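Coordinate inspection notes
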Amino acid sequence: QVQLVESGGGLVQAGGSLRLSCAASGRTVSSYTMGWFRQAPGKEREFVSTILRSSGSTYYADSVKGRFTISRDNAKNTVYLQMNSLKPEDTAVYYCAASNGVARSREWFAYGYWGQGTQVTVSS
């Protein structure tokens, strides 16, 4: 059992940066594959990034590759999403999620635990 709380969202100008945090309680984040997803109004939930529980390997959606970085700090039991060079199309609610496994980590249904989401708005 793990509980996740996202923070760090806000309003930022295009080209700016934000760092999202996902604080976990109940279990350590190193025990889980962690993922970031986002959902814009009227759009499907979209994979953003993941870090695997076993290897620590990271993967990114093509739309954010080179701009976003996922990381975890085991001492703080927190996963981060550093977002640079933000674009208006990055505007969405961002969700942190945890999975017990590693399979299909780019798919939302692989994750059993979800945070409440944090709003990111990028103005043009």
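Now for a quick tour of the structure.

Thresholds, definitions, all that
Residues numbered from 1 in each chain as written. Predicted model: local features only at pLDDT ≥ 70, side-chain atom pairs only at ≥ 80, totals over all residues. Heavy atoms only, no water. Helix = DSSP H or I, 4+ residues; strand = E, 2+ residues; numbered from the N terminus. Rg over C-alpha atoms; globule rule 2.2 N^0.38 Å. Contact = heavy atoms within 4.5 Å. Lys, Arg positive; Asp, Glu negative; His and termini not counted. Charge placed at Lys NZ, Arg CZ, Asp CG, Glu CD. Pairing = 2+ DSSP bridges. Axes fitted to C-alpha atoms, helices over the stretch in contact; angles between N-to-C directions. Phe/Tyr/Trp six-rings, centres within 6.5 Å; stacked < 30°, edge-to-face > 60°. Buried < 20%, exposed > 50% of the residue type's maximum accessible area, 1.4 Å probe, protein only. Core = buried A, V, L, I, M, F, W, Y, C linked by side-chain atoms within 4.5 Å.

Moving on, we come to the overall build of the chain. For the chain, the count of helices and strands is zero helices and 11 strands. Here the C-alpha radius of gyration of the chain, 13 Å, is about what a compact globule of 124 residues would show, namely 14 Å. Dimensions along the principal axes, computed over C-alpha positions, put the chain at roughly 40 × 25 × 25 Å. Taking contacts inside the chain between residues at least 6 apart in sequence as the whole, the part at least 24 apart equals 59%. Within the chain, the 8 negative side-chain charges are centred at a point lying 6 Å from the centre of the 13 positive side-chain charges.

A few words now on the sheet that holds strand β7 (residues 68-73). Read from one edge of the open sheet, four strands run β1-β3-β8-β7, paired in antiparallel fashion. One side of each edge strand has no neighbouring strand; the edge strands of this open sheet are β1 (3-7) and β7. Taking the axes of each pair of neighbouring strands and ignoring which way they run, one obtains an average angle of 15° across the sheet.

Take the packing of aromatic side chains next. Each aromatic ring pair is summarised here by two numbers: the centre-to-centre distance and the angle between the ring planes. Enumeration according to the criterion identifies seven aromatic pairs in this entry. Consider the rings of Phe 37 and Phe 47, whose centres lie 5.8 Å apart with planes at 70°: the pair is edge-to-face. Separated by 10 residues along the polypeptide, Phe 37 in strand β4 (residues 33-39) and Phe 47 in strand β5 (residues 46-51) bring together distant segments of the chain. We note that Phe 37, like Phe 47, is buried. Seen in terms of ring centroids, Tyr 111 and Trp 114 are 6.2 Å apart; in terms of plane orientation they differ by 65°. Their pairing is edge-to-face. On the basis of relative accessible area, Trp 114 is assigned to the partly exposed category, the value being 27%.

Most often, soluble globular proteins have nonpolar side chains that are buried together. If you look at the biggest cluster of nonpolar residues, it comprises 32 residues, and the most contacted ones within it are Leu 4, Met 34, Trp 36, Phe 68, Leu 81, Met 83 and Tyr 94. Counting residues per element, the ones that place at least two in this core are β3 (18-25), β4, β5, β7, β8 (78-83), β9 (92-99) and β11 (118-123). A per-element tally of this core places β9 first, with five residues.

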